[in-house]
Amino acid sequence: MTPPGRAGRKSTTREPIIQEPVSSESAAEPEATRREAGAAESTRANRGWWDRNADEYQVEHGTFLGDDRFVWGPEGLDEVEAELLGPAEELKGKDVLEIGAGAAQCARWLAAQGARPVALDLSHRQLQHALRIGGTFPLVCADAGALPFADASFDLACSAYGALPFVADPVQVLREVHRVLRPGGRFVFSVTHPIRWAFPDEPGPEGLSVSSSYFDRTPYVEQDEDGRAVYVEHHRTIGDRVRDIVAADLRLVDLVEPEWPAWNSSEWGGWSPLRGNLIPGTAIFVCVRD
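About the criteria used
- Residues numbered from 1 in each chain as written.
- Predicted model: local features only at pLDDT ≥ 70, side-chain atom pairs only at ≥ 80, totals over all residues.
- Heavy atoms only, no water.
- Phe/Tyr/Trp six-rings, centres within 6.5 Å; stacked < 30°, edge-to-face > 60°.
- Helix = DSSP H or I, 4+ residues; strand = E, 2+ residues; numbered from the N terminus.
- Buried < 20%, exposed > 50% of the residue type's maximum accessible area, 1.4 Å probe, protein only.
- Axes fitted to C-alpha atoms, helices over the stretch in contact; angles between N-to-C directions.
- Parallel < 35°, antiparallel > 145°, perpendicular 65-115°, else oblique.
- Left-handed = near helix turned anticlockwise from the far one by under 90°.
- Contact = heavy atoms within 4.5 Å.
- Nonpolar A, V, L, I, M, F, W, Y, C, P; charged D, E, K, R; others polar.
- pLDDT = per-residue confidence, 0-100.
- Salt bridge = Lys/Arg side-chain N within 4 Å of Asp/Glu carboxyl O.

**As for the packing of aromatic side chains**
- What the rule picks out here adds up to 14 aromatic pairs.
- Plain terms: the ring middles of Phe 70 and Trp 109 are 5.9 Å apart, the flat faces sit at 85° to each other, and that makes the pair edge-to-face. Here Phe 70 is found in the loop between helix H1 (39-65) and helix H2 (79-82), whereas its partner Trp 109 is found in helix H3 (residues 105-112), with 39 residues between them in sequence.
- We classify Trp 109 as buried; its relative accessible area is 8%.
- Taken together, a centroid distance of 5.3 Å and an interplanar angle of 25° make the contact between Phe 187 and Phe 189 stacked.
- Under the relative-accessibility criterion, Phe 187 is labelled buried at 0%.

**Let's talk about the packing of helix H5 (residues 170-180) against helix H6 (residues 238-247)**
- Running from N to C, H5 and H6 point in directions that differ by 40°, and their axes come no closer than 8 Å. Relative to H6, the element H5 is oriented oblique. Judged by the sense of rotation from one axis to the other, the crossing of H5 with H6 is right-handed. For the pair formed by H5 and H6, the contact residues are Pro 170, Val 171, Leu 174 and Arg 175 on the first element and Arg 241, Asp 244, Ile 245 and Ala 247 on the second.
- Taken together, the residues of the contact of H5 with H6 sort by class into 5 nonpolar, no polar and 3 charged.

**A short note on the confidence of the model for the chain**
- Per-residue pLDDT for the chain averages 91, and the proportion of residues at 70 or more is 91%.
- Segment residues 1-26: pLDDT under 50, and 86 contacts once partners within four positions in sequence are set aside and those in other chains are kept.

**Focus: the pattern of salt bridges**
- If you walk through the whole model with that rule in mind, you get 14 salt bridges.
- Among the ionic pairs, Arg 125 bridges to Asp 55, the shortest N-O distance being 3.1 Å. Of this pair, Arg 125 sits in helix H4 (residues 124-133) while Asp 55 is found in helix H1, placing the two residues 70 residues apart along the sequence.
- For Arg 228, the salt bridge identified is with Asp 224, shortest N-O distance 2.9 Å.
- Counted as one network, the salt bridges with shared partners bring together Asp 95, Arg 116, Asp 155 and Arg 182.

Here it is as structure tokens:
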């Protein structure tokens, strides 16, 4: 899942071309709950959710996303300024894997810098939008926990709100990233800041009061009337994320918590200027494979 870009930027994103109907698993509104959800259930649910909702997502958020920007989260932190993967002029010729690419906006920006990106996503429908927008780089539909690449295939890897929030076994994903990175390679990924799990997912004042335990790792699940998960998101504390990185034999070199900038007046789900000026909304982990 790619995060939103700077509000107000004119996008060249075109309206999605509906090529085929995508059926819904349930006509009823799903029930939101907190319960356990394993790897297979999470993967099935989230692949289905993104396939069903990709068209609406791209229409609703296309203006924020643009076609070829690389932003790390709803705050609008841009890789042009952040250089978390390194200076733009040093990306030329680098093999880069984008995990959870959505419509591949970040990969498209990387290609414009002279890098050789590969855009990977679990959702076939999201990758159809990447095809619609265009690009000369490969698109791969695959599970982040079983990357279909040889060892040491990439110089860099990145994931902007992709894969990591939605998997039951993040260490498996991180180990796969370690495997496909070359020695000295860097992996940078952003997720919802873990502290947000203690607050209601609301952009207004109601989202400023703690409503649950930060330490409750029970997944958030939306399920149909038969109890089958149709969307799953997994919570990890900051400490959990650090331990996951270490368990995958990666080295954490930076943890970035973007502040909400004055120019950004937009709301995106539970992200807003009100909340963003008081509590962090995004955590970005910068890792190196030694």
